[in-house]
Amino acid sequence: SLVNLPILTTDATCARRPCVRTRVMFTFIGIGIVIVATLLGYILHHGNIAVLIQPTEFIILGGAAVGSMIASDGMSGFTKAIKAVMGLLKPDPFTKPAFLELLKMMYQLFTIARKEGLLGLEKHVEMPAESEIIKKFPTFLSNHHAVDFFCDTMKVILTGAVGPHDLSEMMELDLETAHAEAKQPMNCIQTVGDAMPGFGIVAAVLGVIITMGKIGGDAAAIGQSVAAALVGTFVGILLAYGVFGPMAKAIDFRLKSEEQYMNCIRFALFSFARGESPITCVEFARRNIVPEVRPGFTEMETSVKEDKAA
């Protein structure tokens, strides 16, 4: 159960991870360095860039990559993978101000429950977009998964029919299911990345087959044909370890950032269901945040109390 998991294990794991936001920020910079360094070394070794421009090899590799993604994950999985890659161009929304906003919002709602009873929360969780409290926190309100998770769990608490431990298992199941779905684009890209060296070999073998038909002809033409065939292997390996692998890893780290945000809600709600005070509930949530963006206790306390609900 969640009671025996949580916060110390999560914090310790996150603390050992490299900076999530730094990794995501430099994903495309790193990929660019890989490609530029590879081509620069090739040029300095007196290589001819024109030899690397082999449209037929690119068609084989690109078509095989797209086809395998659609075959394994369907068109929806392919679309999600493209969106996930494009999402890396956007800044990580789960920043320190976003976490402070979340803590402040939950504190105000928990304070209302303490003053007015659980029924005082009903209007806020039934229509969060119209809630005088929730609509003041746009970062939270724009995260539909977070809003649904928080409000649906609060509705369960309002029924009074589920104990804290059962509620804990319910939330864990919800987040595990959502996390498994969210990892689909990352798994799709990683699978294709793992297959790219194989697709490169396929392209090279096809090139060798064509070359065999030229045996006995001009030696220069045979050499060019072999070089074209080897480009497929080169590009396949470069894409696997220099592009697809880093992208999949960056998407995974972005997911960990979102998972941490959801766990803040989870721990706060579990504490609230046990009857803890509002400040204790948000402190449980705060401890789940990685030190890089975690507000200090005094900073959090000042923030959540500066505009608390009447």
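Remember, it's a predicted structure, so these values are computed and weren't measured experimentally. (Residues numbered from 1 in each chain as written. Predicted model: local features only at pLDDT ≥ 70, side-chain atom pairs only at ≥ 80, totals over all residues. Heavy atoms only, no water.)

(A) Summary view of the overall build of the protein chain. Along the protein chain, the regular secondary structure elements total 14 helices and zero strands. Starting at the N terminus and walking to the C terminus, you meet the elements of the protein chain as α-α-α-α-α-α-α-α-α-α-α-α-α-α. For the protein chain, the proportion of its 310 residues judged to be buried stands at 43%. If you take every contact in the protein chain between residues at least 6 apart in sequence, the share linking residues at least 24 apart comes to 78%. For the protein chain, the centre of its 27 positive side-chain charges and the centre of its 30 negative side-chain charges are spaced 5 Å apart. (Helix = DSSP H or I, 4+ residues; strand = E, 2+ residues; numbered from the N terminus. Buried < 20%, exposed > 50% of the residue type's maximum accessible area, 1.4 Å probe, protein only. Contact = heavy atoms within 4.5 Å. Lys, Arg positive; Asp, Glu negative; His and termini not counted. Charge placed at Lys NZ, Arg CZ, Asp CG, Glu CD.)

(B) Geometry of helix H9 (residues 144-159). With 16 residues, H9 extends 23 Å from end C-alpha to end C-alpha; this agrees with the ideal 22 Å at 1.5 Å per step. Of all the positions in H9, only Ala146, Val147, Phe149, Phe150, Cys151, Thr153, Met154, Val156 and Ile157 are classed as buried. Against the buried residues of H9 lie helix H6 (96-116), helix H7 (122-126), helix H8 (138-141), helix H10 (164-182) and helix H12 (219-273). Directly beyond the C-terminal end of H9, a positive phi value near 70° is found at glycine 160. (Expected span 1.5 Å × (residues − 1).)

(C) Focus on the packing of H10 against H12. One way to put it is that H10 packs onto H12 with a least axis distance of 10 Å and a crossing angle of 170°. By the criterion of interaxial angle, the relationship of H10 to H12 is roughly antiparallel. Once H10 is placed against H12, the crossing between them reads as right-handed. Here Pro164, His165, Leu167, Ser168, Met171, Glu172, Leu175, His179 and Ala182 of H10 lie close against H12, whose contacting residues are Leu255, Glu259, Met262, Asn263, Arg266, Leu269, Phe270 and Ala273. Residues belonging to the contact of H10 with H12 are distributed by class as follows: 10 nonpolar, four polar and three charged. (Axes fitted to C-alpha atoms, helices over the stretch in contact; angles between N-to-C directions. Parallel < 35°, antiparallel > 145°, perpendicular 65-115°, else oblique. Left-handed = near helix turned anticlockwise from the far one by under 90°. Nonpolar A, V, L, I, M, F, W, Y, C, P; charged D, E, K, R; others polar.)

(D) Up close: unusual backbone geometry. With phi around 70°, histidine 46 is a residue other than glycine that occupies positive phi space. Inspection of the secondary structure puts histidine 46 in the loop between helix H3 (27-44) and helix H4 (49-52).

(E) Highlighting the nonpolar core. Counting residues in each nonpolar core, the largest one holds 45 residues, and the members touching the most others are Met106, Phe140, Phe150 and Ile265. At the level of elements, H6, H9, H10, H12, helix H13 (278-287) and helix H14 (297-305) are the ones that each hand at least two residues to this core. When residues of this core are assigned to their parent elements, the largest contribution, 10 residues, is made by H6. In contact with isoleucine 265, not counting residues within four places along its chain, are Leu102, Met106, Phe140, Ala146, Phe149 and Phe150. Core analysis: the second largest hydrophobic core is formed by 26 residues, Ile189, Val235, Phe244 and Leu255 among them. (Core = buried A, V, L, I, M, F, W, Y, C linked by side-chain atoms within 4.5 Å.)

(F) Main features of a nonpolar patch on the surface. Nonpolar side chains collect at one region of the surface, where Ile201, Val202, Val205, Leu206 and Ile209 lie side by side and expose about 430 Å² of accessible area between them. Mapping isoleucine 201 onto the fold places it in helix H11 (residues 184-212). A residue is classified by how much of its surface remains accessible, and isoleucine 201, at 49% relative accessible area, is partly exposed. (Patch = residues over 30% accessible without salt bridge, like charges linked within 9 Å, V, L, I, M, F, W, Y side chains within 5 Å. Areas by Shrake-Rupley, 256 points an atom, 1.4 Å probe, with all protein chains shown as cover. Salt bridge = Lys/Arg side-chain N within 4 Å of Asp/Glu carboxyl O.)

(G) Structural context of the pattern of salt bridges. All told, the structure shown has six salt bridges when counted by the stated rule. The partner of lysine 80 in a salt bridge is glutamate 181, with the nearest N and O atoms 3.8 Å apart. Residue lysine 80 is located in helix H5 (residues 55-87), and its partner glutamate 181 is located in helix H10; the two are separated by 101 residues in the primary sequence. The residue glutamate 132 makes a salt bridge to lysine 135 at a minimum N-O spacing of 3.3 Å. Glutamate 132 sits in the exposed class, given a relative accessible area of 53%. A residue is classified by how much of its surface remains accessible, and lysine 135, at 41% relative accessible area, is partly exposed. Here the residues in one salt-bridge network are Glu283, Arg286 and Arg287, joined through shared partners.

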